[in-house]
Amino acid sequence: MSTDYPSVGVASGLPRHSFPLRVLHWLIAVLLAFSLIGGFTLGTLGHERIVELVGTDIANIAYMAHKTLGITILGLMVLRLVVRLLQGTPPYAVELSGFQRFMSRLVHFLLYVMVIAIPIVGSLATAAAGFPVNFFTWELPAMIAENPALAEQLFQAHMILGLCIIAVLVLHIGAGLRHKRRGDWVMHRISLGR
Ligand code: HEM
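Everything quoted here is computed from the prediction, not taken from an experiment.

## Quick word on the side chain of R80
- Along the chain, the position of R80 falls in helix 2 (residues 47–87).
- Within the buried set, R80 has no salt-bridge partner at all; the shortest N-O distance to an opposite charge, 17 Å, is to D184.
- A distance of 3.2 Å separates a polar atom in the side chain of R80 from a polar atom in the side chain of Y112.
- Those residues within four positions of R80 in sequence are excluded, and the remaining contacts are L21, L24, H25, I28 and Y112.

## Some thoughts on the packing of helix 2 against helix 3 (residues 98–128)
- Contact pair helix 2 / helix 3: the axes reach a minimum separation of 9 Å and the direction vectors enclose 145 degrees. Pair helix 2 / helix 3 crosses with left-handed handedness. Side by side, helix 2 and helix 3 meet where K67, G70, I71, I73, L74, M77, R80, L81 and R84 of the first sit next to L111, Y112, V115, I116, P119, I120, S123 and T126 of the second.
- Residue classes in the contact of helix 2 with helix 3 are distributed as eleven nonpolar, three polar and three charged.

## Section: the UniProt feature "domain: Cytochrome b561 bacterial/Ni-hydrogenase" (unreviewed entry) in the chain
- As annotated in UniProt, the feature "domain: Cytochrome b561 bacterial/Ni-hydrogenase" (unreviewed entry) corresponds to residues 16–190 in the numbering used here.
- Segment residues 16–190 splits into 77% helix and 3% strand. End C-alpha atoms: 7 Å apart.

Procedures and definitions
Residues numbered from 1 in each chain as written. Predicted model: local features only at pLDDT ≥ 70, side-chain atom pairs only at ≥ 80, totals over all residues. Heavy atoms only, no water. Helix = DSSP H or I, 4+ residues; strand = E, 2+ residues; numbered from the N terminus. Buried < 20%, exposed > 50% of the residue type's maximum accessible area, 1.4 Å probe, protein only. Lys, Arg positive; Asp, Glu negative; His and termini not counted. Salt bridge = Lys/Arg side-chain N within 4 Å of Asp/Glu carboxyl O. Polar contact = N/O pair within 3.5 Å; in protein donor to acceptor, adjacent residues only side chain to side chain. Contact = heavy atoms within 4.5 Å. Axes fitted to C-alpha atoms, helices over the stretch in contact; angles between N-to-C directions. Left-handed = near helix turned anticlockwise from the far one by under 90°. Nonpolar A, V, L, I, M, F, W, Y, C, P; charged D, E, K, R; others polar. UniProt positions renumbered as here; feature names shortened; annotations may be inferred.

Quick look at the structure:
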């Protein structure tokens, strides 16, 4: 392990994200994992096969759960963006190369944009297909009129965004694990522990 980095000890006293932002990070990470797994399961099997497998009631609950999860993530992402803009980001206390800084900014920017975009596109696709946009048992007002051709394109965009998010998450998680292995303080900036 490199010794060029400050120790991640309890009393390291190094700057890190605020506690609310760290909680939001891990909460969104868990919810996003569920919504990606659930979304790809729904998209791959398709409505008819799901109804065949589990019946109409459970199928409806599965769609409602996916939509509710997505709208919850959208709300939490907006909150997170506001907190981040108000608080700014703590300075890096370790030497990161120009390339590392560029990649980390790019990856974080792409994640913010795509994770905010995917529930919006999913909601528009659902409304255009003439299906209800549910948040738990509430039906939210449709933002656009029914349009099957547009719905097809929007669902395509929803799926491509899902694949892009997974690709960017691979880079994000890979970088996080690398910092963890090096024992530098970067993971400590965002971890929930002390
Ligand atoms: C962070 C939020 C979300 C993520 C990560 C996500 C991800 C996904 C993914 C990856 C798919 C599979 C696409 C495919 O294979 O065709 C999917 C399907 C679907 N999503 Fe989302 N989604 C989110 C939010 C939403 C929202 C808010 C709605 C609607 C209100 C929604 C409605 C749907 C529907 C109806 C399907 C099934 C599409 C089909 O059967 O072709 N999603 N989602």
